[in-house]
Amino acid sequence: MRTSEWIQIGFAIVLAAAAWIQPFFGHPLPVRRRWNITLLAVVPVVAVMLARATARFLPPLYVSTLRDWLTVALFLVPYWQTGQFFQGPNHRLEQRLLTFDRWLMPRTARTSGTSRTGLGLVLEVAYLFCYPLVPLGLLALYAAGQRRHVADFWLVVLIATYLCYAMTPFVPAYPPRDLAGSQAPAQAGKARVFNRWILKHGSIHAISFPSAHVASTFAVSLVLLRFAPLLGVIFLFVSIWIALGAVVGRYHYALDVLLGAATALAVFLICSLHVI
């Protein structure tokens, strides 16, 4: 199997085992949640087996391309598993994260999100790009004629992102936007309303710590800087705007974002020195 497939299957199985082996911080997970985590772990196993089985009736190039993109489809499985561990916030941690925000950016920390201005619209649209940026990064690698580096791409992106997921259960906290109220502010623009709709129906309703969005987008950008520099610069610019949108929009705390970027950089440097 590919390294990316081992990472996705292995991490999903580790999370499933963690759900059953020991109560989480003295609070046992409900049986239903344990089974949710376990059944989610089955998804990458079955998907990879089926993808490999296509070699019996598809040309090698088609199979290889399918497996390149299968990783995109399985990318969020650990995210949903991690969400099952969340049983409520640690208010002390939330206050510490807010304290750091107030120290670093006091004006932003007093708001519940972006306002209905041109800058607010740009930041909200930028944050929307955190969802398609990973598959767009893979597509950019193809477009640059660097498909031979897909394994390196996924190695950096998966490790950086999944390290964030691994830490998330130990930092249970609501996003800062939720601490100011569950409704979007009256002055919110349509882009913010749309972002909140996505998060309402598609998120685990807790932060990832460090920010997996930032870690994954910066990891994509760093890999592209290595193998397709011009595209890498463009993606890095978008990644920075995503990070700003995450903080100003109060989707993440400032420390989440800073550590997410640092995680991506550390993983990229280590992989570059020893693997890539």
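Below is a short write-up of the structure. These figures come from a predicted structure and were not determined experimentally.

Observations regarding the overall build of the protein
Line of reasoning, step 1. Secondary structure summary: the protein contains 14 helices and 0 strands in total.
Line of reasoning, step 2. Reading the protein from its N end, one meets helices and strands in the order α-α-α-α-α-α-α-α-α-α-α-α-α-α.
Line of reasoning, step 3. In terms of overall size, the protein behaves like a compact globule, its C-alpha atoms giving a radius of gyration of 19 Å where 276 residues would be expected to give roughly 19 Å.
Line of reasoning, step 4. Structurally, the protein occupies a C-alpha span of about 55 × 50 × 35 Å along its principal axes.
Line of reasoning, step 5. A buried classification covers 49% of the 276 residues belonging to the protein.
Line of reasoning, step 6. Contacts in the protein between residues far apart in sequence, at least 24 positions, make up 82% of those at least 6 positions apart.
Line of reasoning, step 7. Within the structure as shown, the protein displays about 13,600 Å² of accessible surface, and the carbon and sulfur contribution to it stands at 70%.

Thoughts on the layout of surface pockets
The rolling of a water-molecule-sized probe over the atoms marks out the regions of remaining empty space.
Line of reasoning, step 1. When its volume is computed, the largest pocket comes out at roughly 470 Å³.
Line of reasoning, step 2. Taken together, 27 residues make up the lining of the largest pocket; nearest its centre are L76, Y79, Y131, Y165 and H213.
Line of reasoning, step 3. For the lining of the largest pocket, the secondary-structure elements that each account for two or more residues are α4 (77-84), α8 (133-143), α9 (150-167), α11 (190-202) and α12 (212-227).
Line of reasoning, step 4. The residue inventory of the lining of the largest pocket, partitioned by class, reads 18 nonpolar, 8 polar and 1 charged.

Some remarks on the nonpolar core
Line of reasoning, step 1. Counting residues in each nonpolar core, the largest one holds 56 residues, and the members touching the most others are I37, F75, F153, W154, V156, V157 and V220.
Line of reasoning, step 2. The element contributing the most residues to this core is α9, with 11 residues.
Line of reasoning, step 3. Ignoring anything within four residues of it in the chain, the contact list for F153 reads V134, G137, L138, L141, V220 and V223.

Observations regarding the pattern of salt bridges
Line of reasoning, step 1. According to the stated counting rule, one finds 6 salt bridges in the structure shown.
Line of reasoning, step 2. A salt bridge links R2 to D68; its shortest N-O distance comes to 2.5 Å. Within this pair, whereas R2 is found in the segment before α1 (3-21), its partner D68 is found in helix α3 (residues 60-74), the two being separated by 66 residues in sequence.
Line of reasoning, step 3. The exposure class of D68 is buried, given its relative accessible area of 3%.
Line of reasoning, step 4. Between E5 and R67 there is a salt bridge; the shortest N-O distance is 2.7 Å. Note that E5 is positioned in helix α1 and R67 in helix α3, a separation of 62 residues in sequence.
Line of reasoning, step 5. Note on E5: relative accessible area 1%, which makes it buried.
Line of reasoning, step 6. Salt bridges sharing partners connect three or more residues here, namely R2, D68 and R147.

Notes on helix α13 (residues 229-248)
Line of reasoning, step 1. For α13, which comprises 20 residues, the first-to-last C-alpha distance of 28 Å matches the rise-based estimate of 28 Å (1.5 Å per residue) to within 8%.
Line of reasoning, step 2. Buried within α13 we find G232, F235, S239, I242, A243, G245, A246 and V247.
Line of reasoning, step 3. Against α6 (106-109), α7 (118-128), α8, α12 and α14 (254-274) lie the buried residues of α13.
Line of reasoning, step 4. Positive phi shows up at R250, right after α13, with a value of about 65°.

Describing the packing of α12 against α14
Line of reasoning, step 1. Between α12 and α14, the shortest axis-to-axis distance is 8 Å and the interhelical angle comes to 35°. For the element pair α12 and α14, the recorded crossing hand is right-handed. Between α12 and α14, the contacting residues are V214, A215, F218, A219, L222, V223 and R226 on the first element and V257, G260, A261, A264, L265, F268 and S272 on the second.
Line of reasoning, step 2. Partitioning the contact of α12 with α14 into residue classes produces 11 nonpolar, 2 polar and 1 charged.

What counts and what doesn't
- The numbering scheme is per chain: residues are counted from 1 as the chain's sequence reads.
- Side-chain atom pairs in this predicted model are given and counted only at pLDDT of 80 or more, local residue features only at pLDDT of at least 70, and totals for whole chains, interfaces and linings cover all residues.
- The basis for the side-chain values is all heavy atoms of the structure; hydrogens and waters are excluded.
- Starting at the N terminus, helices and strands are each numbered in turn, a helix being any DSSP run of H or I of at least four residues and a strand any DSSP run of E of at least two.
- To get the radius of gyration, use the C-alpha atoms; to get the globule rule, take the number of residues to the power 0.38 and multiply by 2.2 Å.
- A simple rule labels every residue: compare its accessible area, found with a 1.4 Å probe on the protein chains alone, to the largest value its type can have, and call it buried under 20%, exposed over 50%, or partly exposed in between.
- Contacts: residue pairs with any heavy atoms within 4.5 Å of one another.
- The method behind every accessible area is Shrake-Rupley, applied with a 1.4 Å probe, and residues are considered shielded solely by the protein chains displayed.
- Here a cavity means grid points, on a 1 Å grid over the protein atoms only, where a 1.4 Å probe fits yet cannot get out; a pocket means an open set of points with protein on both sides within 12 Å along at least five of seven lines; lining residues are those with an atom within 4 Å of a point.
- Grid points are joined across faces, edges and corners, and a volume is the space filled by probe spheres set on the points.
- Gly falls in the polar group here, along with every residue not listed as nonpolar (Ala, Val, Leu, Ile, Met, Phe, Trp, Tyr, Cys, Pro) or charged (Asp, Glu, Lys, Arg).
- We define a nonpolar core as any set of buried Ala, Val, Leu, Ile, Met, Phe, Trp, Tyr and Cys residues linked to one another through side-chain atoms lying within 4.5 Å.
- One side-chain nitrogen of Lys or Arg within 4 Å of one carboxyl oxygen of Asp or Glu is enough to make a salt bridge.
- Multiplying 1.5 Å by the helix residue count minus one yields the expected span of that helix.
- Convention adopted: a line fitted to C-alpha atoms gives each axis, helices being fitted over their contacting stretch, and angles between N-to-C directions are expressed from 0 to 180 degrees.
- Left-handed is the label given to a crossing in which the near helix is rotated counterclockwise from the far helix by less than a right angle, and right-handed is the label when the rotation is clockwise.

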